[in-house]
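Understanding the architecture of this molecule
Chain by chain, the residues:
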Amino acid sequence: MHWAVSGRAHENEAAMTTQTLIPVLGDQLSLDLASLVASDPATSRVLMVEAEEEATYVRHHKKKIAFVFSAMRHFAEELRGLGWQVDYVRLDDPGNTGSFTGEVKRAATRLKPDAIRVTEPGEWRVLEAMRRWERETGVPVEMLEDDRFLCTHGQFAEWADGRKQLRMEYFYREMRRETGLLMEDGEPAGGQWNYDHDNRKPAGRDLSMPKPFRVEPDEITKDVLALVETRFGDHFGALEPFGFPVTRQDAVRALDGFIETSLARFGDFQDAMLVGEPLLYHSLLSPCLNVGLLSPLEVCRRVEQAWKAGGVPINAAEGFIRQIIGWREYVRGIYWRFMPDYVTRNALGADKSLPDFYWTGETDMACLRAAITQTRDEAYAHHIQRLMVTGNFAMLAGVDPHAVHAWYLAVYADAFEWVELPNTLGMSQFADGGLLGSKPYAASGNYINKMSDYCAGCRYDVKEKTGEGACPFNPLYWNFLVRNEDRLRGNPRMRQMYSTWDRMAGDRKDGYRQAAAAVLDALESGRRI
Ligand code: FAD
Ligand code: DLZ
Ligand code: SF4
């Protein structure tokens with residue numbers, strides 16, 4: 001494809017013959033974006049900006065920056081092909097002010113539009129900035145709701161209002177009824193809403209793994225890779241090999257590939273982890289979904305079709321669809337309902353620093369090493385690695401949830417705050433005090449051993465409870481329960497854990513306390529564990 005977008009060309013153009021300026025952000029790369037649908041290409045100008053601030057307000061993984069920039073450049077080309085006028089400001093264009101607001105102001109001065117029409121952003125920080133655009137540019141700003149989601153803000157509020165508990169499962173059932181997905185005569189297909197109990201099988205080495213779908217970088221992507229290396233070379237992560245889909249066409253191919261090779265086993269092995277297998281049967285579609293190259297409903301309809309055609313069991317189709325119309329929509333609802341206060345929450349008062357090995361992978365704990373080095377190389381880890389390995393360890397070690405949030409937001413290609421924050425702060429760190437999850441996802445080494453083959457290659461012994469060679473998760477788990485007893489003992493779902501602790505002999509408890517203190521001390525003083 002010929003790359004013809006130039007930031008300079010527009011500098012010499014006369015003021016706009018058009019009336020409406022349409023800023024399109026890096027996660028708004030959909031032709032059915034509300035602000036595009038509401039506008040006429042003949043009287044509008046699209047503005048897309050590679051903004052230094054967006055790449056550095058947290059220091060994003062190099063692969064994530066490359067993914068967003070390349071997808072943006074391809075989308076600009078696609079829009080042009082459809083007759084839109086696009087002002088595309090590249091990162092290294094002279095005069096690029098480095099921020100959305102700076103570039104909207106510059107475009108307003110240059111083009112003198114009558115109106116700015118924008119689709120609401122996916123982040124509170126950007127929403128606040130947009131709310132100032134009218135005052136700062138003197139041009140009226142119209143902000144449209146982002147209707148690429150299945151549940152509107154109004155529908156979520158209607159569902160949430162007056163409920164004591166906002167449990168995902170009930171929200172999900174509403175979404176099933178609303179969309180008709182996997183519904184038969186008003187009842188859930190197969191007679192159950194949720195087949196999660198079938199989805200907890202550990203994976204064995206005998207399973208054949210699908211080859212991850214990768215796209216060879218084209219000229220546009222190669223240019224972006226060079227730019228990212230030059231400008232963000234000191235950010236976390238490996239830039240190459242780069243294989244993310246960056247066009248709608250390739251994203252659809254990735255979806256086809258997932259349905260063909262992985263979906264049938266997605267359910268059974270959803271929670272499994274294997275050394276050297278970053279993906280197992282997961283889809284790796286979240287980056288494409290989150291920037292808008294795929295729509296959540298189309299993905300779910302395709303999965304439903306595959307189930308109807310046979311060959312895909314109901315636990316796989318239901319499990320997958322629940323992640324998207326359930327979790328994905330639900331966390332978005334939580335984000336917008338509870339921001340801006342949500343990000344400040346720290347229900348367990350955790351205040352430790354994030355261990356350095358989250359940035360280097362240099363730890364003897366094989367599970368963390370695997371999850372972190374994979375994150376460094378791929379800008380991807382699957383849900384259980386995020387929740388039960390890196391997230392679980394950070395919570396058990398008492399790491400400040402805001403440091404954990406900043407890490408997750410930076411290191412994953414799919415991380416945008418509306419989805420990352422509730423997953424991190426709420427689901428994985430319990431820092432929202434149980435708004436999102438009814439109990440903390442705290443687990444000892446036993447869980448990781450059951451669901452993975454990490455422990456076999458670890459310097460620590462997962463069966464060892466205390467002592468020098470004991471798996472650090474074991475004492476940290478009990479220490480976590482004791483440290484947060486005031487907060488957690490009353491939780492009915494934690495009763496069994498506390499009664500186990502209560503029945504434990506005093507010297508065993510002391511052993512756990514001492515072992516936990518040793519691990520925490522090592523973390524505090526930066527010694528390798
Ligand atoms: P699959 O396992 O194939 O699942 C299919 C799709 O379901 C995903 O593509 C995703 O769109 C959706 N999905 C699955 N679980 C969730 C969930 N809990 N919340 C929202 N959508 C979900 N997901 C993100 O998209 N962005 C994030 O920044 C993000 N941060 C996370 C941080 C933590 C601490 C945790 C525990 C989870 C986070 N998740 C996030 C959710 C989940 O881990 C990822 O969506 C998933 O790993 C993406 O990989 P996949 O596409 O292969 O997913
Ligand atoms: C994540 C990201 C990055 C790294 N860079 C840009 C960018 O240069 N230009 C842009 O429009 N969007 C970028 N994004 C995505 C934005 O951060 C995202 O649109 C906001 O956080 C709102 O969700
Ligand atoms: Fe992780 Fe503990 Fe297993 Fe090592 S023994 S891989 S630290 S769970």
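Reading guide: rules and limits
Residues numbered from 1 in each chain as written. Chains lettered and ligands numbered in written order. Predicted model: local features only at pLDDT ≥ 70, side-chain atom pairs only at ≥ 80, totals over all residues. Heavy atoms only, no water. Helix = DSSP H or I, 4+ residues; strand = E, 2+ residues; numbered from the N terminus. Buried < 20%, exposed > 50% of the residue type's maximum accessible area, 1.4 Å probe, protein only. Contact = heavy atoms within 4.5 Å. Areas by Shrake-Rupley, 256 points an atom, 1.4 Å probe, with all protein chains shown as cover. Lys, Arg positive; Asp, Glu negative; His and termini not counted. Charge placed at Lys NZ, Arg CZ, Asp CG, Glu CD. Near = heavy atom within 4 Å. Nonpolar A, V, L, I, M, F, W, Y, C, P; charged D, E, K, R; others polar. Core = buried A, V, L, I, M, F, W, Y, C linked by side-chain atoms within 4.5 Å. Polar contact = N/O pair within 3.5 Å; in protein donor to acceptor, adjacent residues only side chain to side chain. Pairing = 2+ DSSP bridges. Axes fitted to C-alpha atoms, helices over the stretch in contact; angles between N-to-C directions. Parallel < 35°, antiparallel > 145°, perpendicular 65-115°, else oblique.

Thoughts on the overall build of the protein
Secondary structure assignment for the protein yields 24 helices and seven strands. On the principal axes, the C-alpha backbone points of the protein span a range of 80 × 60 × 50 Å. Looking at the 529 residues of the protein, the share that counts as buried comes to 59%. Put simply, 77% of the contacts in the protein that link residues at least 6 apart link residues at least 24 apart. Counting only carbon and sulfur atoms, one obtains 48% of the accessible surface of the protein, whose full area is about 21,500 Å². Averaged over its 63 positive side-chain charges, the protein has a centre that lies 4 Å from the centre of its 76 negative ones.

What about the site of ligand 3?
Taken together, Met365, Ala366, Cys367, Gly445, Ile448, Tyr454, Cys455, Cys458, Tyr460, Val462, Cys471 and Phe473 make up all the residues around ligand 3. Looking at side-chain class alone, the shell around ligand 3 contains eleven nonpolar, one polar and no charged residues.

Overview of the nonpolar core
Grouped together as the largest cluster of nonpolar side chains are 154 residues, with contacts concentrated most on Met48, Tyr330, Leu368 and Phe393. The element that contributes the greatest number of residues to this core is helix α14 (residues 314-338), accounting for 13 residues. If we ignore the near neighbours within four places in the chain, the residues touching Phe393 are Pro355, Phe357, Tyr358, Met365, Leu368, Phe473, Leu476, Leu523 and Ile529. Judged by nonpolar contacts, the second largest core, of 17 residues, contains Leu25, Val104, Ala107 and Ala108.

Description of the site of ligand 2
Around ligand 2 there are 18 residues in total, and Asp27, Val49, Ala51, Glu54 and Glu123 lie nearest to it. Ala51 places a polar main-chain atom, nitrogen or oxygen, 2.7 Å from an oxygen atom of ligand 2. Computed on the free molecule, ligand 2 has an accessible area of 490 Å², of which 99% lies beneath the protein chains in the complex. Looking at the shell around ligand 2, the elements that each hand over two or more residues are α2 (52-56), α3 (62-81) and α5 (124-131). In terms of residues, the shell around ligand 2 owes the most to one element, α3, which gives three residues. For the shell around ligand 2, the per-class residue count stands at ten nonpolar, three polar and five charged.

A closer look at the environment of Ala410
Along the polypeptide, Ala410 turns up in helix α18 (residues 401-411). What makes Ala410 buried here is its relative accessible area of 3%. The contact partners of Ala410, leaving out residues within four places of it in the chain, are Val58, Arg59, His60, His61, Lys64 and Trp359.

A look at the sheet that holds strand β2 (residues 44-49)
Taken in spatial order, the five strands of this open sheet run β3-β2-β1-β4-β5, and their pairing is parallel. Two strands bound the open sheet, and with one partner strand each, they are β3 (86-89) and β5 (141-144). Each strand axis lies, on average, 20° off the axis of its neighbour in the sheet, ignoring direction. Across four bridges, strand β4 (residues 115-119) lies against β5 in parallel orientation. Residue pairing in the sheet places Ile116 in a bridge with Val141 of β5. This element, α3, spans β2 and β3 of the sheet and lies at about 160° to β3.

With respect to the packing of α14 against helix α19 (residues 417-428)
Remark: α14 packs on α19, axes separated minimally by 8 Å, with the N-to-C direction vectors making an angle of 85°. As far as their axial angle goes, α19 and α14 are roughly perpendicular. Two secondary-structure elements touch here, α14 through Trp327, Arg328, Val331, Arg332, Ile334, Tyr335 and Trp336 and α19 through Glu417, Trp418, Val419, Leu421, Pro422, Asn423 and Met427. Of the residues that constitute the contact of α14 with α19, the class distribution is ten nonpolar, one polar and three charged.

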